[in-house]
Amino acid sequence: MGFRKKNKSPPVLSHEFVIQNHADMVSCLAMIILLGLMFEVTAKFAIMFITVQYNVTQVLDEKTEPVNFYQYGPKDMATVFFYLLIAVILHALIQEYILDKMNRRLHLSKTKHSKFNESGQLAAFYLFSFIWGCSILTAEDFATNPTFLWEGYPHTYMVFQVKFFYICQIAYWLHALPELYFQKVRKESAEDCSDVKSSRVNFIHIAHLKTTKVDQSALQSKKEDIPRQLYYICLYVVHITGAYVLNLHRLGLVLLVPHYLVELLFHASRLFYFSDENKQKGFTLWALLFVIARLLTLTLSVLTFGFGLPRTENQGFSLAEGNFNVLTIRMTCLAAICLTQAWMMWKFINFQLKKWREHSQNQASKKKVVSPKSRPHKREPTRGGATNGIVKSEDKTSPRARKAKAS
């Protein structure tokens with residue numbers, strides 16, 4: 001009996017080593033930044049990465065205590081970088097201790113496996129962000145008073161929760177870009193290993209021919225899946241960063257919370273669908289809320305950029321004051337939001353049409369499978385009216401003459 005060969009670990013600091021151990025390397029880097037707080041020399045630089053910068057203290061009334069507000073600046077990039085590392089660590093923890101264990105129980109295919117991981121990660125993030133955003137909206141007057149979205153613009157001052165919320169949002173969506181690359185490389189390496197194993201095990205050529213169609217469809221879906229993820233990641237980064245830099249954090253927060261609710265419902269419904277394909281009721285509710293969220297986004301955007309901001313007192317462009325209330329910037333922001341909503345509706349309509357076609361094809365295939373009841377075939381008349389050696393007349397009467405009844 002031969003011994004099994006152990007897989008050799010990749011060399012240190014090689015490309016494969018970084019891909020396999022990127023979460024551990026990131027956690028070590030985050031620990032180094034945290035250890036910098038212990039020394040006076042490095043404490044100033046470590047605080048810049050960990051805590052929120054640009055603190056401004058204001059006294060509203062003589063009777064009340066001073067209130068701490070925050071502005072944005074270049075040092076926020078260091079804070080975003082640190083919480084990007086935290087997002088990578090949390091991503092690896094959720095993947096290893098929750099999603100991988102669920103995948104082993106469900107025994108999903110390659111395409112469903114990647115979609116299940118994507119929905120699991122995003123559902124956890126959307127749930128956390130939705131609860132956090134709702135807590136901020138209840139504490140502030142953003143949702144109850146729509147005029148609060150544009151009154152007093154530019155909104156250069158933010159409370160701690162709002163600024164920290166935006167920093168975490170930007171950090172999460174920026175961390176999704178390297179994670180997308182690591183995910184792609186891990187898939188390719190896993191497919192290469194599976195191909196090697198299958199070539200050793202499969203001795204029958206017919207079985208290989210049967211699985212080629214499935215592998216080709218899986219490869220096509222994976223090729224389409226990566227650009228789709230890249231599109232929505234870039235859209236999130238551009239829109240959230242734009243709302244943060246242009247001092248439109250009130251409008252951005254009000255638009256993000258219902259959007260995250262709709263996305264949370266979609267990914268939760270997809271997780272339930274992968275566990276049991278009969279559970280599809282969540283998609284109908286998601287379709288209804290998706291359309292309502294798009295209408296709400298367009299309505300609030302038109303009210304803010306078309307009617308609210310043009311009527312405010314502070315008109316003009318000033319980087320020092322953080323004022324971007326100019327017609328070109330307003331129209332650019334409104335056009336970006338409208339084009340994004342139109343693109344999302346176009347993808348939504350195509351998704352619904354695709355599902356409707358698949359449902360109609362399944363119904364048609366089921367009707368073809370159910371065959372009609374077999375009816376007994378009529379026996380063809382034999383030549384000369386003979387059946388089993390007995391001669392019968394064509395009018396189905398016996399050749400013998402009937403005896404007359406006695407009167």
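Just so we're clear, the structure is a prediction, and the values are computed from it rather than from any experiment.

*Asks:* For this particular structure, what's the right way to read the pattern of salt bridges?
*Replies:* Tallied over the full model, the rule gives three salt bridges. A salt bridge links R270 to E118; the shortest N-O distance between them is 3.4 Å. In this pair, R270 is assigned in helix 8 (residues 249-275) and E118 in helix 5 (residues 110-139), connecting sequence segments 152 residues apart. Residue classification places R270 among the buried residues on the basis of a relative accessible area of 11%.

*Asks:* So what exactly am I meant to see when it comes to the side chain of H155 here?
*Replies:* Summarising the element assignment, H155 is placed in the loop between helix 5 and helix 6 (160-201). Apart from the residues lying within four places of it in its own chain, the contact partners of H155 are F148, L149, W150, N247, H249 and R250.

*Asks:* When you look at the environment of T312 in this model, what are you seeing that I'm missing?
*Replies:* Structurally, T312 can be placed in the loop between helix 9 (281-308) and strand 3 (316-318). Here T312 falls in the buried class, since its relative accessible area comes to 13%. In contact with T312, not counting residues within four places along its chain, are W150 and N325. Reaching out from T312, the side chain makes a polar contact with the side chain of N325 at a distance of 2.8 Å.

*Asks:* Quick question: what am I supposed to make of the packing of aromatic side chains here?
*Replies:* Aromatic ring pairs: the centre-centre distance and the angle between the two ring planes describe each pair. Scanning all chains against the criterion turns up 34 aromatic pairs. Each ring, one from F82 and one from Y83, has its centre 5.2 Å from the other, and the planes form 85 degrees; the classification is edge-to-face. Between F125 and Y260, the ring centres sit 5.8 Å apart and the planes meet at 70 degrees, which makes this aromatic pair edge-to-face. Of this pair, F125 sits in helix 5 while Y260 sits in helix 8, and the two are 135 residues apart along the sequence. Grouping residues by exposure puts F125 and Y260 together as buried. An aromatic cluster is built from Y70, Y72, F82, Y83, F128, W132, F160, F164, F165, Y166 and Y244, whose rings are joined through pairwise contacts. Over the ring of F148 we find R250; its NZ or CZ atom is 3.9 Å from the centre of that ring. The side chain of R294 reaches across the aromatic face of F290, ending 4.7 Å from its centre.

Rules behind the numbers
Residues numbered from 1 in each chain as written. Predicted model: local features only at pLDDT ≥ 70, side-chain atom pairs only at ≥ 80, totals over all residues. Heavy atoms only, no water. Salt bridge = Lys/Arg side-chain N within 4 Å of Asp/Glu carboxyl O. Helix = DSSP H or I, 4+ residues; strand = E, 2+ residues; numbered from the N terminus. Buried < 20%, exposed > 50% of the residue type's maximum accessible area, 1.4 Å probe, protein only. Contact = heavy atoms within 4.5 Å. Polar contact = N/O pair within 3.5 Å; in protein donor to acceptor, adjacent residues only side chain to side chain. Phe/Tyr/Trp six-rings, centres within 6.5 Å; stacked < 30°, edge-to-face > 60°. Lys NZ or Arg CZ within 6 Å of the ring centre and 35° of its normal.

Take it as geometry only, folks, not as evidence of what the structure does.
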